[in-house]
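Residues per chain are reported as follows:
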Amino acid sequence: MSIEQLSIIGLASLVSISCSLCGVYLVLRRLALISDAISHSILLGIVCSFFIVHDLNSPLLILGATLTGVLMVYLTEILVASKRLKKDASIGLVFPLFFSISVLLINLFAADIHLDQDSVLLGEIAFTPFRLLTIWGYNLGPASLWVMGGILVLNVVFISVFYKELKLTTFDHGLAAMLGFFPAYLHYAFMAMVSITAVGAFESVGVILVVALMIVPPATAYLLTNRLFPMMILSIVFGLASSLLGYSMAFYLNVSIAGSMAVMTGILFLLVFLFSPSQGLIMKFLTFQQQRILFSTNMLLIQLLEHEGTKTEKTENTVSNLIVHMKWTFKFANSIVSYALEKGFIQRHDDRLLLTSFGREKAKRVIVMDA
Amino acid sequence: MVKPDRLTDLECAVVVQDLTVAYKEKPVLWDIDLKIPKGVLLAIVGPNGAGKTTLLRSIMGMIKPAAGNVAIFGQSIAAKKRSIGYMPQRGTVDWDFPTDALDVVMMGRYGHIGWFKRPSVNDKKLSLEALDRVGMADFASRPLNQLSGGQQQRVFLARALVQDADLYFMDEPFVGVDAVTEQAIIELLKELRNQSKTVVVVHHDLQTLADYFDWVSLLNVRQIAYGSVADVLTPENLKITYGGRSSFLMHNPVIT
Amino acid sequence: MGLDVLSLNYTLSIVMAGSFILGISSGVLSSFAVLRQQSLLGDVISHAAFPGITLAFLWMMTKDPLGLFFGALVSGWIGTLLVKSIVTYTKLSMDTAFGIVLSVFFGLGIVLLSYIQRLPTSDKAGLNSFLFGSASTLLLQDLIVMGLFCFIILVFLGLFWKEFKLLTFDTSFMSSMGFPVAKLDMLLTILLVMAIVLGLQMVGVVLMSAMMIAPAAAARQWTSHLGLMVFLAGFIGLLSGCIGTLVSNAIPQVSTGPMIVVVISIMVIISLVFAPHRGLVCNWIKGYYHRVNIRANSILMNMLLFSESKTDPYHCHQLSALVAIGRGPSLRTMLQLKRQKLVQNPQDDLWGFTELGYKKALTLKKSLYSQSHEH
Ligand SMILES: Nc1ncnc2c1ncn2[C@@H]1O[C@H](COP(=O)(O)OP(=O)(O)OP(=O)(O)O)[C@@H](O)[C@H]1O
Ligand SMILES: [Mg+2]
C-alpha cells in the first residue's frame, strides 16, 4: 500500500471515530437530523471566514464554521420558541437557507477558488496526501490528518470530562436540570462539538458522508446493545469498518470514495437490521411463531384459571370452546393444547381441560406479570 | 333495572365477548365481557392506563383484538360504522391546525357525505345547529387555536353530535372544562339518552358518577365490576380497581 | 441584464413555466407535509430519489425525462417505506431513520454518478444538475412530464380534499368513521413524493426540502383556513420559483436551486415578522397596548375604590395614596390618562376623575362584575 493510500485511510479512520463519538449521543437524544442541518450550515461559516482571511487553510475557518453551526441551532430554537413553527419545520427552514447563501456566495465571489459545489457535497479525501502541513520548513505530513487528529482528541477529552453529565442529560433531561447540570449549557457545548467534528470531516468527506458517519454506525450499534459504552465502541468499529470497506470498494470500482463509505455504512446497517439477535427482522420473524405459541398458551391458562370452579366450567374449559372464543383454528388450538400438556400445565380429559397445580401457579404469575 | 347478565343480545347496543387486546405482546385488556343495553348512559371508570381508551377503540374496530368478539346492534362493526359517534380523548390533535370551529364540526359529517363529495348546505346547517346545541354558535368562524380548552371540548362534542349516531363513545369529555360546561354537556348526554341513544363515557370523577350515569363499568385491565352505579360503587370494588396492580388480578369479576 | 431578461424568448418561457409548475405543486403539498409534522420527510425523499435518477439513466442510457422521473419516484417511495419499517421494527427513532435513509441513499446516488461520469456516453452532462438544480437545462419534454405530474397531484388533491384534510387533522377520529386511513396515508405520501421528484431538476436534491416547508410556513402566517393556506402556499411557491429562476437566469454563474431557496426564505421571514394576527411585530404591538391598557384600567378602578369612600367622586388624591393600595400608577400612565381626559390634576400632586373618567371607571367595574358572574 502506498503512503498516499495510507494517509487517506488514516484520515478516514480519524473521521469515522470522531463522528461515531458524537453520533452516539445524537442518536440517543433523537437529534439525528441536527447533524444534517449542522453539516450544511457550517459551509456558510467557512465561506464568510474565507472572505475575511483569504486563506483556505486558516484555523479561523474552523472557528467561523463552528460558530455558524451553533448559530443555526440557536436560530431554530428561537423559531420554535416563537410558537409559529414546529421544531422539524424550523430546522428544515434554517439550514437550507444557510446552505443556499453560501453556495450563492461561492457562485458569485469565489468561483475561482478551491471551494466548488461538488467538493462541498463530496469532499476531497482523495487530495489529502497532497496538502501538506509545513512548519518552519519541516514537512509534517498531510495537514488534514493533524486537524482531524486534533478534533478527535478534543472529542475524546470532551466526552470523558462530561461523560457522566452527558449520560444523565441524554437519558433524563428533567432530572439533570434539577441536579444543576445545566442541560442547555451542555447542549450548546455539545452542539459546538458536533459542529467542530462536522467541519473537520466536511473537508475530506463532504456534507452527506458526515451525516452517514454520524448517524448510521451509532444506529447500527444501538440495534446490538442498550448500554452507552459498548454502543460507543461498537459504533466506532462499524464506522472504521465502513470507511475501510468503502475505500476499497471505491478503489476497485473507481467510484466516489465518500459515496462508497456512505453506502458501506448502509450495508452494515442493513445486515444488522436483518440479523441482529435481539432487534433483527429475521430473528423477530423466527421468534414470532414461538412467541405466538407462548402468548397463546398463557391466554389458555388464564382462561382455564378464570373459569375454574364456576358453573360454566364444564362448557368453558374445553378445546371446542377455545376454538370458538379465541378464534383459533382447530389445528392451532390442538397445537397449543399439546404444548401446554407437554409442559405439564394442564391435563386433558377428552374435550375438557384441567389445570395442574403447576399450571395454576404459572397462570397466576402470568396475570400479575403481564398487567 | 335489568341485570347485565340477564340481557338478551337483542336488547343490547354493544355485546363484547371475551375481549383480549394486546399491543405487541403486552396484554392491555383481559377477557372483557360487556353487554351495553340500548338507551343507557354508561360510564367506564378506571385509573390511568387501565385500558379505557383501548376498550373504546377496539369496540369501534380501530384495534384488532387478540381474541374475542364485538357486536354492535347485533352486527359486525364494519356494517355499523355510520351509527357510531366518537369524541376522542383530548390531546390527539394539533391545536394549531388552520381550521375553525364550524369546519371541525363539519368533519363529523364526512362519514355520511361519501367519497369525492363536498359538504352540502344541509351538512352546514346541521353543523351550525350542533354548535348551537353546545352553546358555541357565536364561535363558528373562530380559529381553533383561539378557543379556550373548554370551548375546544365543546366543539369536539358538537362534532360527535353531528354524526347523528345511535351509539356514542366519548373519551373523557369533561377533562379541562369548568363546572358550568360540565353541566351543559351532561344535560346534552342525558337528552341523547332520552332519545333512546346509547352513550358510553370514559369518566374520572367518582363524586358525580351517581348523578350522571345509569350504569358503570369499573375497568382495570380486567372488568372489575359492572352494573348500576349504586351496586357497583362499593369501597371494596374501588379498592380493587384503584389499589395496586396485582390485588385486583386474582379477583373474579363481580356481576351485580 | 434588464431588457434581455424580460424579452420572453423560448428558453426563458420554458423555464418560467417550469418554475410555475414546480412552485404550485410543492407549495400545495408542503402544506400537508408541514401540518402532518413531516417537514423533514421532504429532505429524506429528495435525497432518496437521487439514486433512482442515476439508476434510471444507467438503464436507459438517455436522459428521457419520464424514465428519470419514474426512477426517482420509485426510489423515493422505497426510501419512505424503509423509514417506516425501520421505525416499526426497531427501537430507532423517526429522526434516526430519516438520517440513515437520507445519507445512505444519497451516497449510493453519488457512487452511481461517479460511475456514470467515467462512461463514454455523451448524454450524461445534465445529471449533475440534479444536485443543485439548474433551470437552463430544462427542455420542453421535461416540462411536459412536470406538467403531467402536477396535474395528477392537483386532481387527486381535489378529489380527496376532505379526506386529506381529516387525515391531517385527526387520524383517530377518521379511522373511527371507517375510512381506510392507511390507504389514504399512502396516497398522500405518493403525491408528496411526486411533488418532490418533480422539482428535483430545477431546485436540486440538496435543497428541495426547503420547497416542501417554506411555502407552507409562510402561508400559515396569513390565514387560519386550510383551503386558503394551500392556495396561498401554492402562490408563494410559484412566485418564489419564478423570481428565483429569473434572477439565476440573469446572472449566469448563480445556481437556480439556492436562489429559489433564498427568495422563498425571504418570504418566510417577511411572513413571520409582518403578517397580521400571527406576525411577530403585530403580536408585539398588541402585547404592548394590552399591557398599557390593563395598567390604565387598574388605576381607574383603584381611583374608583377611593372615591367610593367619599361623597364627592371627583375628589382628588395624592399619587402616593394610590400607590399605597398596590399596582400603583406611574406618573407616565397618569399623564397618559390625563391626555385622554380621563383624569385631572388641579394641583401639583393631586389627581382626580374627570366626568368622563368616572363614567368609564363605572362601566369598567360593571363589565368586570358581569364577567365574573357570567355563568
Ligand atoms: N399504541 C400503543 N402501543 C403500545 N402500548 C399502548 C398503546 N396505546 C396504549 N398503550 C398502553 O396500553 C395501556 C392502556 O392504555 P389506554 O390508553 O387504553 O389507557 P386509558 O385507560 O385510556 O388511560 P388514561 O386514563 O390515561 O386515558 C397503557 O399501559 C398504555 O401504555
Ligand atoms: Mg384514555
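Here the structure is shown first, and the text comes after it.
Below is a short write-up of the structure. All figures in this text were calculated on a predicted structure; none of them were measured in a lab.

**Describing the coordination of the magnesium ion (ligand 2)**
All names here are of chain B. Within the protein, Thr53 (OG1) and Gln89 (OE1) serve as the donor atoms for the magnesium ion (ligand 2), at 1.9 to 2.3 Å. Highlighted residues: Thr53 in helix H1 (residues 52–59) and Gln89 in the loop between strand S5 (84–87) and helix H2 (101–107), separated in sequence by 36 residues. When its relative accessible area of 23% is taken as the criterion, Thr53 is described as partly exposed. Looking at Gln89, the relative accessible area reads 27%, which means it is partly exposed.

**Side note on the interface of chain A and chain C**
Between chain A and chain C, the contact holds 57 residues from the first and 55 residues from the second. Where chain A abuts chain C, roughly 4700 Å² becomes buried across the two surfaces, and 73% of that area is made up of carbon and sulfur atoms. Between the two partners, chain A and chain C, sit 0 salt bridges. The interface formed by chain A and chain C holds 11 residue pairs in polar contact (both at pLDDT 80 or more) in total. Listing elements by their share of the side of chain A that touches chain C, those giving two or more residues are helix H2 (32–53), helix H4 (87–109), helix H5 (117–122), helix H9 (183–222), helix H10 (228–253), helix H11 (257–275) and helix H12 (281–307) of chain A. Broken down by element, the side of chain A that touches chain C gets its largest block of residues, 14 residues, from H4(A). Taken together, the residues of the side of chain A that touches chain C sort by class into 34 nonpolar, 15 polar and 8 charged.

**Considerations on empty space enclosed by the protein**
Within the structure shown, the criterion is met by 6 cavities of 30 Å³ or more. Within this model, the largest cavity holds a volume of roughly 90 Å³. If you go around the largest cavity, the residues you meet are Met299(A), Ile302(A), Gln303(A), Glu306(A), His325(A), Met326(A), Asp18(B), Thr20(B), Trp30(B), Asp31(B), Ala67(B) and Gly68(B). Among the elements that make up the lining of the largest cavity, the one with the highest residue count is H12(A) (4 residues). Along the lines of polarity and charge, the residues of the lining of the largest cavity split into 5 nonpolar, 4 polar and 3 charged.

**Here's the deal with the site of ligand 1**
Residue and element names in this part refer to chain B. Taken together, 14 residues form the shell around ligand 1, and within it Gly49, Lys52, Thr53, Thr54 and Gln89 come nearest. A distance of 3.1 Å is found between an oxygen atom of ligand 1 and a backbone nitrogen or oxygen belonging to Ala50. Between ligand 1 and the protein, one listed contact pairs an oxygen atom with a side-chain N or O atom of Thr54 at 2.4 Å. Protein burial of ligand 1: of its 630 Å² of free accessible surface, 61% is covered by the chains. Contributing elements (two or more residues each) for the shell around ligand 1: strand S2 (26–37) and H1. Of all the elements, H1 adds the most residues to the shell around ligand 1, at 3 residues. Grouping the amino acids of the shell around ligand 1 by side-chain chemistry returns 4 nonpolar, 7 polar and 3 charged.

**Structural notes on helix H12 (residues 214–222) of chain C**
The element H12(C) is extensively covered by neighbouring structure, given that 8 of its 9 residues are classed as buried. Looking at H12(C), one finds that the buried residues are Ala214(C), Pro215(C), Ala216(C), Ala217(C), Ala218(C), Ala219(C), Arg220(C) and Gln221(C). Contacts from the buried residues of H12(C) go to H4 of chain A together with helix H2 (10–35), helix H11 (208–211), helix H13 (226–250) and helix H14 (256–274) of chain C.

**Concerning unusual backbone geometry**
Residue and element names in this part refer to chain B. Of note, Asp18 is a non-glycine position whose phi angle comes to about 45°, a positive value. Residue position: Asp18 is located in strand S1 (residues 12–23). The backbone phi angle of Asp164 is positive, close to 55°, even though this residue is not glycine. Checked against the element boundaries, Asp164 lands in the loop between helix H5 (149–161) and strand S6 (167–171).

**So, the pattern of salt bridges**
Applying the stated criterion across every chain, the model contains 13 salt bridges over all chains. With its nearest N and O atoms 3.8 Å apart, the salt bridge here joins Asp164(B) to Lys197(B). Taken together, the residues Asp164(B) in the loop between H5 and S6 and Lys197(B) in the loop between helix H6 (179–194) and strand S7 (198–202) connect sequence positions 33 residues apart. Given the relative accessible area of 49%, Asp164(B) is considered partly exposed. When its relative accessible area of 13% is taken as the criterion, Lys197(B) is described as buried. For the salt bridge of Lys84(C) with Asp185(C), the shortest nitrogen-to-oxygen distance reads 3.6 Å. Here Lys84(C) is found in helix H4 (residues 65–89), whereas its partner Asp185(C) is found in helix H10 (residues 181–203), with 101 residues between them in sequence. On the basis of relative accessibility, which here comes to 46%, the residue Lys84(C) falls in the partly exposed class.

So, how was this worked out
- Residues numbered from 1 in each chain as written.
- Chains lettered and ligands numbered in written order.
- Predicted model: local features only at pLDDT ≥ 70, side-chain atom pairs only at ≥ 80, totals over all residues.
- Heavy atoms only, no water.
- Donors = N, O, S within 2.8 Å, 3.2 Å for Na, K, Ca; no water.
- Helix = DSSP H or I, 4+ residues; strand = E, 2+ residues; numbered from the N terminus.
- Buried < 20%, exposed > 50% of the residue type's maximum accessible area, 1.4 Å probe, protein only.
- Contact = heavy atoms within 4.5 Å.
- Buried area = accessible area lost by both parts, 1.4 Å probe.
- Salt bridge = Lys/Arg side-chain N within 4 Å of Asp/Glu carboxyl O.
- Polar contact = N/O pair within 3.5 Å; in protein donor to acceptor, adjacent residues only side chain to side chain.
- Nonpolar A, V, L, I, M, F, W, Y, C, P; charged D, E, K, R; others polar.
- 1 Å grid on protein atoms, 1.4 Å probe; cavity = no way out; pocket = protein on both sides within 12 Å on 5 of 7 lines; lining within 4 Å.
- Points joined across faces, edges and corners; volume = space filled by probe spheres on them.
- Near = heavy atom within 4 Å.
- Areas by Shrake-Rupley, 256 points an atom, 1.4 Å probe, with all protein chains shown as cover.

Bear in mind that shape data such as this cannot, by itself, settle questions of function.
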